[in-house]
Structures are given as C-alpha cells and as structure tokens.
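For reference, the chains in residue letters:
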Amino acid sequence: MTRVEADPAVPVIRITRDFRATPARLLRAHTDPGLFARWIGPERMRTRIDHWDARSGGSFRFVSVAEDGEHAFRGCFHEIRADRIVQTFTYEANPDGVALQTLRFDDLGDGRTRLRTQSLVDSFEARDAALRSGMRAGLDDGYTKLERMLTDGTV
Amino acid sequence: MSVDTLSKVFAALADPTRRDMVARLSAADATVNQLAEPYEMSLQAVYKHLRVLEDAGVVSRAAGPQPRPVRLETGALDRIDEWIERYRSRAEERYQRLDRVLAEMDEPVAHRRDGGPSSGGEPS
C-alpha cells in the first residue's frame, strides 16, 4: 500500500511504501542503472540511461522514450549511504525547477524495508504541477501494468 | 478542479492560523467573532485570513443578516484528495514494477556466494 501526503505547510510530497526486500537490495535497485531503468517508468516508456555515477557527489541523466518524444531528467546524488539517498531532480523541459529528494530505507526486520521518499520543491505551484502529472498518466497506466503482472504470474 | 483553484487551496492551507480555523470549522460553524477569539490579532486580520479561505472555496459565509456563520466547504478538500489519489495510484504502479525487479534480484545474489564478482556491491 502506497501512502501519499501533500504537506499543507511546505511544498513537499511524501510517499511511503513497504517492500519485501532488505534495505541493501532496495538501495541497489535505486543505484544500479540497469535495475533502475527497469522500474522507474512510466508505463509504456522505455528508460535510457545517458549518464550514471551513483556515489556521493555523482550525478545522473536518464531519458524516458515515448512514442511522442523523449523526456529527460537529471540531477546530482548529494549523498548515497546504506540507509538513505539525498539527490536533486530536474525535468529538463522545466529547467528552472529542481526538487530536493530524500529517500530513506527503514529496516523493518524479517527482510522487509519501508521506503520513505520526500520531495521538496520551491513553490506550491510546482508541487501542484507534480501532482497534476500523476493525474494525467496515472489512471490508464496503472492498470495495464497490473493486468500484465496478473497474467504473467508475477502477482 | 482547475490548477489555479488547487494552488489557491494549497496556498490557503499553507498558513497555520488558517489551518487552525479550518480545523475548528470542521467541528462546527462559527461566527467571525467566535473564530477570532483565540487569536491575538485584530478582527481585520482575521477577516483577511477568511477572505483567502473564501477565495479558495475552502469556507463560505451564508447570505443573510449578521452575524453570518462561517461554514467549511468540504468539497474543496475532497477534490485535493482526488488529485492525491491519482498521484498515489501512479506511485503504486511504479512500486509494483520495483517489487518485481526486487523479486528477480534474489537469484543472482545466491549465485554470487560461489565467489563471483558482485555487480552492485550488495552484501549477501
């Protein structure tokens, strides 16, 4: 179950989700470019990694390839350590916008990990635009994917 | 709900006094004087906060003779929930893909116990 909270006091979106994996494995799925490209999405888009230097002080650039064009994202890994990643994140079509993202990997024991992500932007308008992006693609995307996982036996 | 309206609602709720007003109005309608009571600010300042909440459609004041009670318009808050729910479903979809990747990572970790090189540096 994914929980989303839009803070009314600061332009922040928080997402919380539990995974059946150790913190180390979850961290690797975020820092190994081959693994990352397989899940970041969105649905029906292929992810191409242009640049990837996953260490504190490193940076990244990846491109979502859709039928109607490409969408590029880039940022800096401010800090990568076992229990958290702090990074900046920019959608290149909106070059003035930059989010500060903190991803925390909380060990729940018995091989499960809680992922808590926080994304801070510089205005409520920018935060609302991020929420709107979910509205545009969310509904039709999600269920295609789920359907596929149900039919191929993943679920 | 238009983007402008949503921004207005978020901006209206960004202020702690206005959030407090909303919280109190969620319990019961109140007159402006009742609303103003706990705050150390002029009635004029309270009216200013109320105008922001009214502009955003978060509260309304019934037409009629004074004192007109201030009422919470829960619809505005429900629409925010709707936006967040759609955002949430997209995040959940992304994390279901991550679930699958994580599940498939089990195999290579077992193989690496034979002494092969680790590609991702995960301790096994």
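Residues numbered from 1 in each chain as written. Chains lettered and ligands numbered in written order. Predicted model: local features only at pLDDT ≥ 70, side-chain atom pairs only at ≥ 80, totals over all residues.

1. Looking at the overall build of chain B
Secondary structure summary: chain B contains six helices and two strands in total. Each helix and strand of chain B, placed in order from N terminus to C terminus, yields the pattern α-α-α-α-β-β-α-α. Across the 124 residues of chain B, 27% fall into the buried class. Of the contacts made within chain B by residues no fewer than 6 positions apart, 49% connect residues no fewer than 24 positions apart. (Helix = DSSP H or I, 4+ residues; strand = E, 2+ residues; numbered from the N terminus. Buried ≥ 20, exposed ≤ 12 C-beta atoms within 10 Å, placed from the backbone. Contact = placed C-beta atoms within 7 Å.)

2. Regarding the overall build of chain A
Each helix and strand in chain A was counted, giving three helices and eight strands. Listing every helix and strand of chain A by position from the N terminus yields β-β-α-α-β-β-β-β-β-β-α. Relative to its full complement of 155 residues, chain A shows a buried share of 26%. Here the contacts in chain A between residues at least 6 apart in sequence split such that 32% fall between residues at least 24 apart.

3. Focus: the pairing of strand 6 (residues 84–91) of chain A
Residues and elements named next belong to chain A. Here strand 5 (residues 69–81) pairs with strand 6 via six bridges, running antiparallel. Looking at the pairing, arginine 74 lines up with threonine 90 of strand 6. Connecting strand 5 to the antiparallel partner strand 6 that follows it, the hairpin turn spans two residues. Pairing analysis gives six bridges linking strand 6 to strand 7 (residues 99–109), with the strands arranged antiparallel. The residue of strand 7 that forms the bridge with valine 86 is threonine 102. (Pairing = 2+ DSSP bridges.)

4. Some remarks on the pairing of strand 5 of chain A
Residues and elements named next belong to chain A. By the bridge criterion, eight bridges tie strand 4 (residues 59–66) to strand 5 in an arrangement that is antiparallel. Bridged to phenylalanine 60 within strand 5 is glycine 75. Connecting strand 4 to the next strand, strand 5, in antiparallel fashion are two residues.

5. Focus on the nonpolar core
Of all hydrophobic cores here, the largest spans 38 residues; its most connected members are A:Leu26, A:Ala29, B:Val9, B:Val58 and B:Leu102. Ranked by residues supplied to this core, first place goes to helix 5 (residues 74–104) of chain B with eight residues. There are two domains that each give this core at least three residues, and those are domain 1 (3–74) and domain 2 (76–105) of chain B. The residues touching B:Val58, leaving out its near neighbours within four places in the chain, are B:Val9, B:Ala12, B:Val22, B:Leu53, B:Glu73 and B:Ala76. (Core = buried A, V, L, I, M, F, W, Y, C linked by C-beta atoms within 7 Å. Domains from an automatic or database assignment.)

6. Here's the deal with unusual backbone geometry
All names here are of chain A. With omega at 0°, the peptide bond leading from glycine 41 into proline 42 counts as cis. Counting through the fold element by element, proline 42 comes out in the loop between helix 2 (33–39) and strand 3 (46–52). Phi is positive for aspartate 110, close to 35°, though the residue is something other than glycine. As for its position among the elements, aspartate 110 is in the loop between strand 7 and strand 8 (112–120). We classify aspartate 110 as exposed; it has 7 C-beta atoms within 10 Å.

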